[in-house]
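# Topology and contacts: notes
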Amino acid sequence: MKVLVTGATGYIGSHTVVELLDNNYEVVGLDNFSNSKREVVDKIKEITHKDFKFYECDMLNKEALENIFKENEIDAVIDFAAFKAVGESVSKPVEYYINNVSSILTLLSVMKEFNVKKIVFSSSATVYGKPKSVPITEDAEVGGTTNPYGTSKLMVERILKDLYVSDETMDICILRYFNPIGAHSSGLIGEEPNGIPANLMPYIVKVASGKLECLNVFGNDYNTKDGTGVRDYIHVVDLAVGHVKALEKLNKEKQGLFIYNLGTGKGYSVLEIINTFEKVNNVKVNYKIAPRRPGDIDECYSDPSKALKELGFKCEKTLEDMVRDSWNYENK
Ligand code: UFG
């Protein structure tokens, strides 16, 4: 089976390409390197000892996209190509909607042209907004997103649902990620945000390595076990495996639109993450309690049982694996 992976050199895309190659899928990768590096292509080949076709291409360039479909008989697409910084999306909404919404419209129209019916879409738990209760199941209400990034994910989910209504021969899988952290155990690929990281784990890593002075823990008066925010952290390799499972499902089952949470089902607080990171890696993380960050919620963690039941997907990695692999990547 030949799979087109858009955003193939990004954080989650690169780990997914590794899993696909390890599972003998034929991969065609595409990226415009807007938030990743060309060298990731070689790192993936080094990890897997396998080759794959790669195109430097912007998804808004319809002609270039058509050429890729012409040159390769694509059976399915996994779409990761998107911007993902929540804060940045507030100051650059137009860029976010163009990159995250317009680009997939181009992709979907080219898929239609070439009669490609299977797509796995990279969505986010952010579509749940402020959840009414946890753990969050897939049938929880969506909406109430508080930034253009989140809204762009919600819009694309809606577009895919409308598309399915118009063409029930499509096979669509929407995956809602919780908080991906960690890196491949080789230390060759991992998360490399531009500038000062906005997310917790990349920030912890920079403080531990001395590149940043001190972590601000945003609020210790939340209604949680220790007052700090609770999230469902998932190892990026487990997340990548989830995509392979989703493809298997689309291959087996004909004609459907499926939605799955990808998370562990466990919630950890910011302080638990810091403490585990320090203990496992034997390194100090300077931190101080700071005011709440606007838009943050107390708790967000998944009910992962639907993915277990229907995809046979279960996270294998522990929090210890996650913090160790994040640190290992920084040190390599
Ligand atoms: N946090 C800090 N200090 C920091 C950064 C984060 O204390 O410097 C705290 C946050 O307040 C929160 C937790 O760490 O309690 C996790 O924050 P992240 O920014 O790492 O992640 P979020 O849960 O806010 O958001 C992430 C992604 C979104 C995605 C969402 C899905 O950034 O893209 O998970 O649940 F939509």
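The preceding data block contains the structure.
Here we summarise the structure given alongside this text. (Residues numbered from 1 in each chain as written. Predicted model: local features only at pLDDT ≥ 70, side-chain atom pairs only at ≥ 80, totals over all residues. Heavy atoms only, no water.)

## Let's talk about the site of the ligand
Rules: Throughout, the term near means that a residue has one or more heavy atoms lying within 4 Å of the molecule or strand in question. Here a polar contact is recorded for every N or O atom pair within 3.5 Å, except that within protein the pair must consist of a potential hydrogen donor and a potential acceptor, and residues adjacent in sequence are included only if both atoms are side-chain atoms. Helix numbers and strand numbers start at the N terminus; a helix is a DSSP run of H or I with at least 4 residues, a strand a run of E with at least 2. Gly is placed with the polar residues, together with every amino acid not listed as nonpolar (Ala, Val, Leu, Ile, Met, Phe, Trp, Tyr, Cys and Pro) or charged (Asp, Glu, Lys and Arg).
What surrounds the ligand is a group of 19 residues, the closest being Ser 124, Asn 199, Asn 216, Arg 231 and Asp 296. With respect to the ligand, the side chain of Asn 179 contributes an N or O atom lying 3.0 Å from an oxygen atom. For the ligand, a nitrogen atom lies 2.7 Å from a polar atom in the backbone of Asn 216. Of the residues forming the shell around the ligand, the biggest block, 4 residues, is contributed by strand 8 (residues 215–218). Classifying every residue of the shell around the ligand by side-chain character gives 10 nonpolar, 6 polar and 3 charged.

## Section: the pairing of strand 2 (residues 26–31)
We apply this condition: Buried means the residue's accessible area, taken with a 1.4 Å probe over protein chains only, is under 20% of the maximum for its type, while exposed means over 50%, and partly exposed covers the values in between. By this definition, two strands are paired if DSSP reports at least two bridges between them. A clockwise path from the first strand over the helix to the second, with the strands pointing away from the viewer, defines a right-handed crossover.
For strand 2, the tally of buried residues reaches 5 of 6 residues, placing the bulk of the element in the interior. As paired strands, strand 1 (residues 2–6) and strand 2 are joined by 5 bridges and run parallel to one another. Paired with Thr 6 across the two strands is Leu 30, which belongs to strand 2. Note that the unit made of strand 1, helix 1 (residues 11–22) and strand 2 has a crossover that is right-handed. For strand 2 and strand 3 (residues 53–56), the ladder comprises 4 bridges, and the chain directions are parallel. Its bridge partner being in strand 3, Leu 30 is matched across the sheet by Tyr 55.

## Let's talk about helix 7 (residues 200–208)
Applied cut-off: What makes two residues a contact is simply this: any of their non-hydrogen atoms within 4.5 Å.
Within helix 7, 8 of the 9 residues are buried, which leaves the element mostly enclosed by the surrounding structure. Turning to helix 7, its buried residues number three or more, namely Leu 200, Met 201, Pro 202, Tyr 203, Ile 204, Val 205, Val 207 and Ala 208. Turning to helix 7, the residues buried within the fold contact strand 7 (179–181), strand 8, strand 10 (233–235), helix 9 (270–281) and helix 11 (319–331).

## A look at unusual backbone geometry
Excluding glycine, residues mostly carry a negative phi; peptide bonds, for their part, are mostly trans. Along the chain, Val 134 connects to Pro 135 via a cis peptide bond; the corresponding omega equals -5 degrees. Among the structural elements, Pro 135 can be located in the loop between strand 5 (118–124) and helix 6 (148–166). Of note in this structure, Asn 24 is not a glycine but carries a positive phi near 65 degrees. With respect to the helices and strands, Asn 24 occurs in the loop between helix 1 and strand 2. Given the relative accessible area of 62%, Asn 24 is considered exposed. Although it is not a glycine, Phe 33 adopts a positive phi angle of roughly 60 degrees. Among the structural elements, Phe 33 can be located in the loop between strand 2 and helix 2 (39–48). Looking at Phe 33, the relative accessible area reads 15%, which means it is buried.

Scope: geometric values only; no functional claims are made or implied.
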